[in-house]
Amino acid sequence: MKTLSEGTRAALRSRTRLVHAGREPFEQHGFVNTPIYRGSTVLFETTDALHGRSESRFTYGTKGTPTTEALERAWTEIAGAAGTVLTPSGLAAVTVAFLAVTRAGSHILVTDAAYQPIRKFCDDVLRRMGVETTYYDPGLSPDGVAALLRPETAMVFVEAPGSQSLDMQDVPGIVAMAHARDVPVVMDNTWATSLLFPAHRHGVDIVIEAGTKYLSGHSDLLLGLTSANARYWPALRDTFDAFAMCAGPEDVFLGLRGLRSMELRLREAERQGLAMARWLQARPEVARVLHPALPEFPGHAIWQRDFAGSSGLFSVILMPAADAAVAAMLDGLELFGLGYSWGGFESLVVPFDCRSYRTASAWAPGGPALRFSIGLENVEDLQDDLDRGFARLRGEAA
Ligand SMILES: *Cc1c(COP(=O)(O)O)cnc(C)c1O
């Protein structure tokens, strides 16, 4: 086996790329995978090298190791970016991106459907530093978002589909609008990943991915990936270096391991998720299913135009029911876990209510809302578990 030529590498299809990206076996004594390099100190052979007067690939643990470099390179190639930094969580991946593009006096536009913990960073930390956040309705058209821009607006932040409610946004439209005014667009692309929505190719400047979700796929690590195009890469890398917000070596290693099977797991999550979504749609206890791949979903046309598939995360709105009935349904589930995060091999469900935090958009779905992350179990078993749950919801002994 030879090192890939540039021409071969450039022409690879996605699954082959996932297998080969970031791997250099002959730099690791022929072993297939880059091992876990643990370390703070890196030794130099000469004082010239120590003082940076001759090239050194590695200089200190916080600046990178062969393990972190392997995943950074792989992700940069997969995302079609100029560079990637790895952070200890998906939330840290968001904060480093926001810090890279803002300064005191900046104004930023953040979708009201953003991953909720981002709001604390904006409302507490950025506000203290003199950065003002305006949350905007994810249902706004690009022109609607344009109307909120100010001369000092430093970023438009998008997430599509949005957290919990799965609102779709016209990302290419927002990019065209923002770029016409020289404002960068930053996107949380965790739901689709670069495999189903190549955000940089759609013009997004900085792309965030919680590797905790589908890159990991096993609910056993925390990791964030922030990639930037050539224009914003120097600012992102500088900000990241200033914080030394580096990911742990074991988590990066597990991220590399997850990368190799990521497309297979994502495609299975899509298949399983759709099967469950359609089954739920037919249930009398369910008012609506919020899943971008369903033709009935309001953002379906945008999803179909821009996305190459869907993941296994979607929400349902139940017919009106008492809190206690919903709790009885969920508390008795045997296969579905009740917990945060998603994208793992195991199915999860969480109740949610966007009214508790959204400030720029109404949320009145007409019934209790549940978010499902569908894992790799047999869907018939998941349906049996929910069947018994619906009996409890209806107040029937199950
Ligand atoms: C989970 C999640 C994050 C944060 O990832 P962590 O690794 O849990 O910090 C960010 N954005 C979205 C959309 C998420 O679902």
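Structure report, in brief.

Rules used in this analysis
Residues numbered from 1 in each chain as written. Predicted model: local features only at pLDDT ≥ 70, side-chain atom pairs only at ≥ 80, totals over all residues. Heavy atoms only, no water. Buried < 20%, exposed > 50% of the residue type's maximum accessible area, 1.4 Å probe, protein only. Helix = DSSP H or I, 4+ residues; strand = E, 2+ residues; numbered from the N terminus. Contact = heavy atoms within 4.5 Å. Polar contact = N/O pair within 3.5 Å; in protein donor to acceptor, adjacent residues only side chain to side chain. 1 Å grid on protein atoms, 1.4 Å probe; cavity = no way out; pocket = protein on both sides within 12 Å on 5 of 7 lines; lining within 4 Å. Points joined across faces, edges and corners; volume = space filled by probe spheres on them. Nonpolar A, V, L, I, M, F, W, Y, C, P; charged D, E, K, R; others polar. Near = heavy atom within 4 Å. Areas by Shrake-Rupley, 256 points an atom, 1.4 Å probe, with all protein chains shown as cover. Pairing = 2+ DSSP bridges. Axes fitted to C-alpha atoms, helices over the stretch in contact; angles between N-to-C directions. Parallel < 35°, antiparallel > 145°, perpendicular 65-115°, else oblique. Left-handed = near helix turned anticlockwise from the far one by under 90°.

**A word on helix α8 (residues 171–180)**
Then, number 1: Considered for burial, the residues of α8 that qualify are Val-171, Gly-173, Ile-174, Val-175, Met-177 and Ala-178.
Then, number 2: Buried residues belonging to α8 abut α7 (142–146), β4 (153–159) and β5 (185–188).
Then, number 3: Capping the start of α8 is the job of one residue whose side-chain oxygen sits 2.9 Å from the backbone nitrogen of Gly-173: Asp-170.
Then, number 4: Asp-182 sits one or two residues past α8 and shows a positive phi near 60°.

**Considering empty space enclosed by the protein**
Then, number 1: For the structure on display, the rule yields 2 cavities of 30 Å³ or more.
Then, number 2: Put simply, the largest cavity is a space of about 80 Å³.
Then, number 3: Gly-22, Glu-24, Glu-27, Gln-28, Thr-34, Arg-57, Pro-66, Glu-69, Ala-70 and Arg-73 together form the lining of the largest cavity.
Then, number 4: Among the residues forming the lining of the largest cavity, the class breakdown is 2 nonpolar, 3 polar and 5 charged.
Then, number 5: Reported here for the second largest cavity is a volume of approximately 70 Å³.
Then, number 6: In terms of lining, the second largest cavity is formed by Tyr-214, Gly-217, Arg-265, Ala-269, Gly-343, Gly-344, Phe-345, Ile-374, Gly-375 and Leu-376.
Then, number 7: Residue composition of the lining of the second largest cavity, grouped by class: 5 nonpolar, 4 polar and 1 charged.

**Quick notes on the site of the ligand**
Then, number 1: The environment of the ligand is formed by 13 residues, the closest being Gly-90, Leu-91, Asp-188, Thr-212 and Lys-213.
Then, number 2: A distance of 2.7 Å is found between an oxygen atom of the ligand and a backbone nitrogen or oxygen belonging to Gly-90.
Then, number 3: For the ligand, an oxygen atom lies 2.7 Å from a polar atom in the side chain of Lys-213.
Then, number 4: When the ligand is considered free in solution it has 380 Å² of accessible area, and contact with the protein chains removes 91% of it.
Then, number 5: Classifying every residue of the shell around the ligand by side-chain character gives 5 nonpolar, 5 polar and 3 charged.

**Observations regarding the sheet that holds β4**
Then, number 1: Strands sit in the order β1-β7-β6-β5-β4-β2-β3 across an open sheet of 7 strands; the sheet is mixed. Strands at the two margins of the open sheet, each flanked by one partner only, are β1 (83–87) and β3 (132–136). Across the sheet, the mean angle separating the axes of adjacent strands is 20° when strand polarity is ignored.
Then, number 2: Here 5 bridges tie strand β2 (residues 107–111) to β3, and the two strands are oriented parallel to one another. Residue pairing across strands places Thr-111 opposite Tyr-136, the latter belonging to β3.
Then, number 3: Against the sheet, helix α5 (residues 90–101) contacts β1, β2, β4, β5, β6 (206–210) and β7 (224–228), and its axis sits at roughly 165° relative to β6.
Then, number 4: Packed on one face of the sheet, α8 meets β4 and β5 and runs near 155° to β5.

**Brief notes about the packing of helix α4 (residues 66–79) against helix α11 (residues 249–260)**
Helix-helix packing is described using two parameters, namely the angle between the two axes and the distance between the axes.
Then, number 1: For the pair α4 and α11, the least separation of the axes is 9 Å and the interaxial angle reads 40°. With respect to α11, the element α4 is oriented oblique. Our pair here, α4 against α11, has a crossing hand that is left-handed. Counted together, Thr-67, Thr-68, Ala-70, Leu-71, Ala-74, Trp-75 and Ile-78 of α4 and Pro-249, Val-252, Phe-253, Gly-255, Leu-256 and Leu-259 of α11 form the full contact between these two elements.

**Thoughts on the sheet that holds strand β10 (residues 337–338)**
Then, number 1: Reading across from one edge, β8-β9-β12-β11-β10 is the order of the 5 strands in this open sheet, with mixed pairing throughout. At either margin of the open sheet sits one strand with a lone partner, and together these are β8 (286–290) and β10.
Then, number 2: Strand direction decides the pairing type here: β8 and strand β9 (residues 313–318), joined by 4 bridges, are antiparallel. Residue pairing in the sheet places Val-289 in a bridge with Val-316 of β9.
Then, number 3: Its contacts with the sheet place helix α12 (residues 262–281) against β8, β9 and β12 (369–373), and it is angled at close to 5° to β9.
Then, number 4: Helix-sheet contacts for helix α14 (residues 323–331) involve β9, β10, β11 (348–352) and β12, and the interaxial angle to β12 is about 15°.

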